[in-house]
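Here's the letter readout for the chains.
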Amino acid sequence: MGLNNKARLVIAVCASMVVGAVPIALSVVLAQHQGRVLEEERLLGYAANVLYRSERASQQVFAGIDRLNQARKGDPCSPAQMALMAEIDLSSTDIQTMGYIVADRLVCASVGSFGAGLPITTESEHPVGKDGVEQYTRAQLSIAPGMHFTIVARGGYAAVIHEAIPLDVTTDSDTLSLATYSLRNNGFRSTRGVVKKEWLSHLSTERPTTFDDGERLVALVASQNFPTVTVAAAPMSDMLVQTRKMLGFLLPFGVAAGLALGVAAFLMARRHMGMPALLRRALNKRELFLLYQPIVDLHNGRCIGAEALIRWRRADGSMVPPDVFIPVAEASGLIQRVTEQVLERVAADAGSLFADYPAFHIGINLAAADLQSTRTVELLDLLMRKTGAGAHNLLVEATERGLMDAAEVREVINAIHALGIEVAVDDFGTGYSSLSYLETFALDYLKIDKSFVDTLAIDAATSQVALHIIEMAKSLKLKMIAEGVETEAQARLLQERGVQFAQGWLFARPMTMAALREHMARQDAQG
Ligand SMILES: Nc1nc2c(ncn2[C@@H]2O[C@@H]3COP(=O)(O)O[C@H]4[C@@H](O)[C@H](n5cnc6c(=O)[nH]c(N)nc65)O[C@@H]4COP(=O)(O)O[C@H]3[C@H]2O)c(=O)[nH]1
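Residues numbered from 1 in each chain as written. Predicted model: local features only at pLDDT ≥ 70, side-chain atom pairs only at ≥ 80, totals over all residues. Heavy atoms only, no water.

The protein carries the name cyclic-guanylate-specific phosphodiesterase in an unreviewed UniProt entry, which gives Rhodoferax saidenbachensis as its organism. The annotation that UniProt attaches to the protein under Subcellular location (unreviewed entry) is "Cell membrane". (UniProt positions renumbered as here; feature names shortened; annotations may be inferred.)

Here you go:
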């Protein structure tokens, strides 16, 4: 293996590794993203659960307080009121006890009266809100040492609930932090695990919020009914668990896609990089040959010419399509050698063709480089002399791309015209949008590309383009050859619109010169 081949192999391997790495990297990125989404959903689920419990407790608290205030007749701690307190306690799932408060002292509750009252001690302020509600957080009562309560009071009546009630949810990890936050007191009402007050600065009252502070992923959910926010947070490392889960699912797909793409990239790179060398060998070994596709007059269906289409059969019998190797030939500077061989093959194939069919023409594809070299003119001249062809027996087909480089191309086109050979613009409408060259080069034929012909006879908006191209060709007095005609309907429509000539599978596929001669003989026999 020579150094060049080694270098090519290295490039192909590198290309395949880069291409193959893309799906793998994508699956990792996707797993990370999905891992975060899943973890956010998990935390939002906990925050919503806590909120549900918190709201349920609040509803019970206010319903109980309202009932006591409404039932009050005189003494707030009358036997009837205390009996009602007991009834509310028993019928509620979250309230520890109902009671009556005077000057931060619990004077009576469902369990009994406390004379001058039990002092309620708290660590923070508990201002009376505009709605007359007073809320004691982290409150302690001497009858329940060590316990912390949330006490909510209005009109003196109060509900005492254990502060941990809303947080009493089952969790699947012990790293999880949960909290309820009171917007009334601007402080946490209950907490479990590590929570930070500054997290509340991210709060949106409209929708649940998630964010991370670098250490923890945090979810905040605000109640729509009470001034309460619930918090659920977990260390960022917990997210990795979800990411790993997703990775386990996505990575096999990423690796499979990566391998497939990597192999495809390797093969393509090898094929492309190896192609110029193979093509050079093919030119030397004369592996290229021509097929001819009949061009018919749409008025009578008679074959009046043919387009020469190059074919490459490799030594192993495999065919390389011209769509693949012509661009390679153009890019590697081999196209003029290809064209030279095409003209030689036409000369060899033509034999007595032009003597037998004096009006018959053969269309020859020229590439951009051919149209920039006066050598092409010499070769065409040589072809005419070798075959005894008249200028009208040849038609040069130039793609739009080939016609772009005006200054250099004009000289060659003029010289071809000077020989008397007509020029067609091929694949019209598929390349550059500049139409100026149609006039600049005084062209003779316009070949309507198959992609436009395909739109005809089906009710497609794009068929308008084909019709416009036809009208434009008419106004520029260009003769037209429609390419890739496959159906009777297309042929009929083209003829109705004034297109004179066509080629396509409807009439004949590309064939050898021998088959073309038979085709012509049959046509003659039919008269
Ligand atoms: N599906 C379908 N296809 C149809 C039909 N009728 C014709 N075709 C195909 O359409 C292509 C027409 O040639 P093109 O537009 O000049 O397009 C040509 C031309 O640009 C280039 N090419 C072919 N031979 C030469 C050559 O000798 N020199 C240069 N420079 N380019 C060539 O390669 C292109 C592809 O050539 P081919 O593969 O032979 O493909 C040919 C032909 O086989 C049809 O009814 N249906």
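There's plenty left to go through after this.
Undergrad: Give me the overall build of the protein: which residues, what numbers.
TA: Scanning the protein from terminus to terminus reveals 13 helices and 20 strands. Put simply, 61% of the contacts in the protein that link residues at least 6 apart link residues at least 24 apart. Accessible surface for the protein amounts to roughly 25300 Å². Of this, 57% is attributable to carbon and sulfur atoms. (Helix = DSSP H or I, 4+ residues; strand = E, 2+ residues; numbered from the N terminus. Contact = heavy atoms within 4.5 Å. Areas by Shrake-Rupley, 256 points an atom, 1.4 Å probe, with all protein chains shown as cover.)

Undergrad: For the layout of surface pockets, give the residues involved together with the corresponding values.
TA: Here the largest pocket defines a volume of roughly 1100 Å³. For the largest pocket, the lining is made up of 39 residues, of which Glu 307, Leu 309, Asp 323, Asn 365 and Asp 427 are closest to its centre. Here the lining of the largest pocket is composed, by residue class, of 16 nonpolar, nine polar and 14 charged. (1 Å grid on protein atoms, 1.4 Å probe; cavity = no way out; pocket = protein on both sides within 12 Å on 5 of 7 lines; lining within 4 Å. Points joined across faces, edges and corners; volume = space filled by probe spheres on them. Nonpolar A, V, L, I, M, F, W, Y, C, P; charged D, E, K, R; others polar.)

Undergrad: An account of the site of the ligand is needed here, citing residue identities and associated values.
TA: Around the ligand lies a shell of 20 residues, among which Glu 307, Arg 311, Asp 427, Glu 486 and Trp 505 are the nearest. Note that a nitrogen atom of the ligand is positioned 2.6 Å from one of the side-chain N or O atoms of Glu 486. Contact distances for the ligand include 2.8 Å between an oxygen atom and a backbone N or O atom of Trp 505. Out of a free accessible area of 800 Å², the ligand has 83% covered by protein chains. (Near = heavy atom within 4 Å. Polar contact = N/O pair within 3.5 Å; in protein donor to acceptor, adjacent residues only side chain to side chain.)

Undergrad: Tell me about the pairing of strand β2 (residues 105-109), and please be specific about residues and values.
TA: Of all the five residues making up β2, four are buried; the element is thus mostly covered by neighbouring parts of the structure. In this structure, strand β1 (residues 95-102) lies alongside β2, joined through four bridges in antiparallel fashion. When the sheet's bridge partners are listed, Tyr 100 is paired in β2 with Cys 108. Hairpin connection from β1 to β2: two residues lie between these consecutive antiparallel strands, with Ala 103 at a positive phi of about 45°. In this structure, the hairpin formed by β2 and strand β3 (residues 112-121) is closed by a connection of two residues. (Buried < 20%, exposed > 50% of the residue type's maximum accessible area, 1.4 Å probe, protein only. Pairing = 2+ DSSP bridges.)

Undergrad: Residues and numbers for the sheet that holds β3, please.
TA: A barrel is described by the order of its strands in space; here six strands give the closed sequence β1-β2-β3-β4-β5-β6, paired in antiparallel fashion. Across the sheet, the mean angle from the axis of one strand to that of its neighbour is 45°, orientation sign disregarded. With six bridges connecting them, strand β5 (residues 149-154) and strand β6 (residues 157-162) associate as antiparallel partners. Note that in β6 the partner of Thr 150 across the bridge is Ile 161. Contacts from helix α2 (residues 79-91) reach β1, β2, β3 and β6, with the element oriented near 150° to β1. (Axes fitted to C-alpha atoms, helices over the stretch in contact; angles between N-to-C directions.)

Undergrad: Summarise helix α5 (residues 335-350); cite the residues concerned and give the values.
TA: Between its first and last C-alpha atoms α5 spans 22 Å; for 16 residues at 1.5 Å apiece the expected length is 22 Å, and the two agree. Those residues of α5 that sit buried are Ile 335, Val 338, Thr 339, Gln 341, Val 342, Leu 343, Val 346, Ala 347 and Ala 350. Downstream of α5 by one or two residues, Gly 351 has phi in the positive range, about 50°. (Expected span 1.5 Å × (residues − 1).)

Undergrad: Tell me what's going on with empty space enclosed by the protein, and back it up with residues and numbers.
TA: Considering all chains together, one arrives at two cavities of 30 Å³ or more under this definition. Estimates place the volume of the largest cavity at around 190 Å³. Together, 19 residues line the largest cavity, and Ser 58, Gln 135, Thr 150, Val 152 and Arg 189 are the ones closest to its centre. Mapped by element, the contributors of at least two residues to the lining of the largest cavity are α1 (3-71), β4 (133-141), β5 and β8 (187-192). Counting residues per element, the lining of the largest cavity draws most heavily on α1, which supplies five residues.

Undergrad: Describe the pairing of β3, and please don't skip the residues or the numbers.
TA: Where β2 lies against β3, four bridges are found, and the strand directions are antiparallel. In the strand pairing of β3, Ala 109 is matched with Gly 112. As defined by bridge partners, β3 adjoins β4 across two bridges and the pair is classed as antiparallel. Looking across to β4, one finds that Ile 120 is bridged to Leu 141.

Undergrad: Give a description of the sheet that holds strand β11 (residues 228-235) that names residues and reports values.
TA: Ordered by their spatial adjacency, five strands build an open sheet running β8-β7-β11-β10-β9, and the pairing between neighbours is antiparallel. Bordering the open sheet on either side are β8 and β9 (209-212), each of which pairs with just one other strand. The sheet shows a mean angle of 20° between the axes of neighbouring strands, taken without regard to direction. Bridge count between strand β7 (residues 177-182) and β8: five bridges; the pairing is antiparallel.

Undergrad: Give a detailed account of the side chain of Glu 55, specifying residues and quantitative values.
TA: Mapped onto the elements, Glu 55 comes out in helix α1. Buried and without a salt bridge, Glu 55 has Arg 189 as its closest oppositely charged side chain, separated by 9.0 Å. Polar contacts involving the side chain of Glu 55 include one to the side chain of Ser 223, which spans 2.4 Å. Look past the residues within four positions of Glu 55 in its chain and what remains in contact with it is Ser 223, Gln 224, Asn 225 and Phe 226. (Lys, Arg positive; Asp, Glu negative; His and termini not counted. Salt bridge = Lys/Arg side-chain N within 4 Å of Asp/Glu carboxyl O.)

Undergrad: Give a detailed account of the nonpolar core, specifying residues and quantitative values.
TA: One finds Ile 362 and Leu 403 to be the most contacted residues of the largest nonpolar core, which totals 80 residues. Top element by residues in this core is α5. It accounts for seven residues. What Ile 362 contacts, discounting residues up to four positions off in sequence, is Tyr 292, Ala 306, Ala 308, Val 346, Leu 353, Phe 354, Asn 393, Leu 394, Leu 395 and Met 513. Counting residues in hydrophobic clusters, the runner-up holds 21 residues, among them Leu 84, Tyr 100, Val 107 and Val 152. (Core = buried A, V, L, I, M, F, W, Y, C linked by side-chain atoms within 4.5 Å.)

Undergrad: Describe the UniProt feature "transmembrane region" (unreviewed entry) in the protein, listing the residues and the values that go with them.
TA: Cross-referencing UniProt, the feature "transmembrane region" (unreviewed entry) maps to residues 246-269 in the present numbering. Annotation note: span residues 246-269, helix share 100%, strand share 0%, distance between end C-alpha atoms 33 Å.

Undergrad: Outline the state of the cysteines, listing residues and values.
TA: All chains considered together, the criterion is met by one disulfide. Each sulfur in the disulfide pair Cys 77 and Cys 108 lies 2.0 Å from the other. Between Cys 77 and Cys 108 the sulfur-sulfur dihedral comes to about -80°; the bridge is accordingly left-handed. Remark: Cys 108 occurs in strand β2 and Cys 77 occurs in the loop between α1 and α2; sequence separation between them is 31 residues. Here the two residues Cys 77 and Cys 108 agree in accessibility, since each one is buried. (Disulfide = S-S within 2.5 Å.)

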